Amino acid sequence: MSKAFTKESTHQDEDEGDEVGLPPLPQGTRNYMTPEGYARLRAEFMALLDVERPKIVEIVSWAAKNGDRSENGDYLYGKKRLREIDRRLRFLTKRLDIAEVADPSLHHGSEQIFFGATVTYANSRGEERTITIKGIDESDSLQGEVSWISPIARALLKAREGDEVQLMTPGGIEKLEVLEVRYPAPKG
């Protein structure tokens, strides 16, 4: 096949797949993060940039001096790992650049649900569940954290304790009652 008919990868194509599995931010929205989430991503960025990447560069340059690169495992693995690190650094740079840090402790004592709230709600069957609304890059469903753009968070945002909200689910509309709203206490 002629090279004219093959698709060449561009930086934009590579960047679009930077983090598979993370949904993109909706067009025109902000990348809200808690101060802790921002600090965690920033620490990961700095560790990759200042510690891990220089180690791998050193291994690759050492391996390159050893001759035949086509069968050199250190060289091949190192180059692959460098691409992974660089992809993650590009992703983190983009997300940190557009991050808007929102401190949930500013709403401490409020009964209305905003970003950063920990909400306990009950469904129509009386089952209670507690979630914390966090940024898309920091939420962890295994820890009871949901992204602020998730359907459950969107249904709950702006509601108050005692309110009933409707959540669109694949099985139809589900009514949820907000039982409790908490925010972390201000530091200091």
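(A) Highlighting the overall build of the protein. Counting its secondary structure elements, the protein contains 4 helices and 7 strands. Counted from the first residue to the last, the protein has its helices and strands arranged as α-β-α-α-β-β-β-β-α-β-β. Evaluated residue by residue, the protein yields a buried proportion of 35% over its 188 residues. Sequence separation of 24 or more characterises 60% of the internal contacts of the protein that already satisfy a separation of 6 or more. Carbon and sulfur atoms provide 52% of the accessible area of the protein, an area that totals close to 12,100 Å².

(B) Seen up close, the pairing of strand β7 (residues 172-182). Alignment of strand β3 (residues 118-123) against β7, held across 6 bridges, turns out to be antiparallel. The partner of Asn123 across the bridge, within β7, is Leu176. For strand β6 (residues 164-169) and β7, the ladder comprises 6 bridges, and the chain directions are antiparallel. Across the sheet, the residue bridging to Thr169 is Gly172, located in β7. The turn linking β6 back onto β7 is made up of 2 residues.

(C) Molecular detail of the nonpolar core. Among the nonpolar cores identified, the biggest contains 23 residues, and Ile113, Val119, Ile131, Ile133, Ile152, Leu156 and Val178 are the most heavily contacted of them. Where this core is concerned, the elements lending two or more residues are β3, β4 (128-134), α4 (151-156), β6 and β7. Residue contributions to this core peak at 4 residues, all from α4.

(D) Just the packing of aromatic side chains, in detail. Going through the model one piece at a time under the given rule, you end up with 2 aromatic pairs. Consider the rings of Tyr32 and Phe115, whose centres lie 5.8 Å apart with planes at 40°: the pair is tilted. Of this pair, Tyr32 sits in strand β1 (residues 31-33) while Phe115 sits in the loop between β2 (99-101) and β3, and the two are 83 residues apart along the sequence. Residue Tyr32 is classed as partly exposed on the basis of its relative accessible area, which comes to 23%.

(E) How the structure looks around the pattern of salt bridges. What the rule picks out here adds up to 12 salt bridges. Between Arg53 and Asp86 there is a salt bridge; the shortest N-O distance is 2.7 Å. Note that Arg53 is positioned in helix α2 (residues 35-64) and Asp86 in helix α3 (residues 73-97), a separation of 33 residues in sequence. Linking Glu145 and Lys134 is a salt bridge whose minimum nitrogen-to-oxygen distance equals 3.2 Å. Here Glu145 is found in strand β5 (residues 145-147), whereas its partner Lys134 is found in strand β4, with 11 residues between them in sequence. You can call Lys134 buried: its relative accessible area is 16%. A single salt-bridge network, built from bridges that share partners, covers Glu52, Lys80, Arg81 and Glu84.

Rules and cut-offs
- Residues numbered from 1 in each chain as written.
- Predicted model: local features only at pLDDT ≥ 70, side-chain atom pairs only at ≥ 80, totals over all residues.
- Heavy atoms only, no water.
- Helix = DSSP H or I, 4+ residues; strand = E, 2+ residues; numbered from the N terminus.
- Buried < 20%, exposed > 50% of the residue type's maximum accessible area, 1.4 Å probe, protein only.
- Contact = heavy atoms within 4.5 Å.
- Areas by Shrake-Rupley, 256 points an atom, 1.4 Å probe, with all protein chains shown as cover.
- Pairing = 2+ DSSP bridges.
- Core = buried A, V, L, I, M, F, W, Y, C linked by side-chain atoms within 4.5 Å.
- Phe/Tyr/Trp six-rings, centres within 6.5 Å; stacked < 30°, edge-to-face > 60°.
- Salt bridge = Lys/Arg side-chain N within 4 Å of Asp/Glu carboxyl O.

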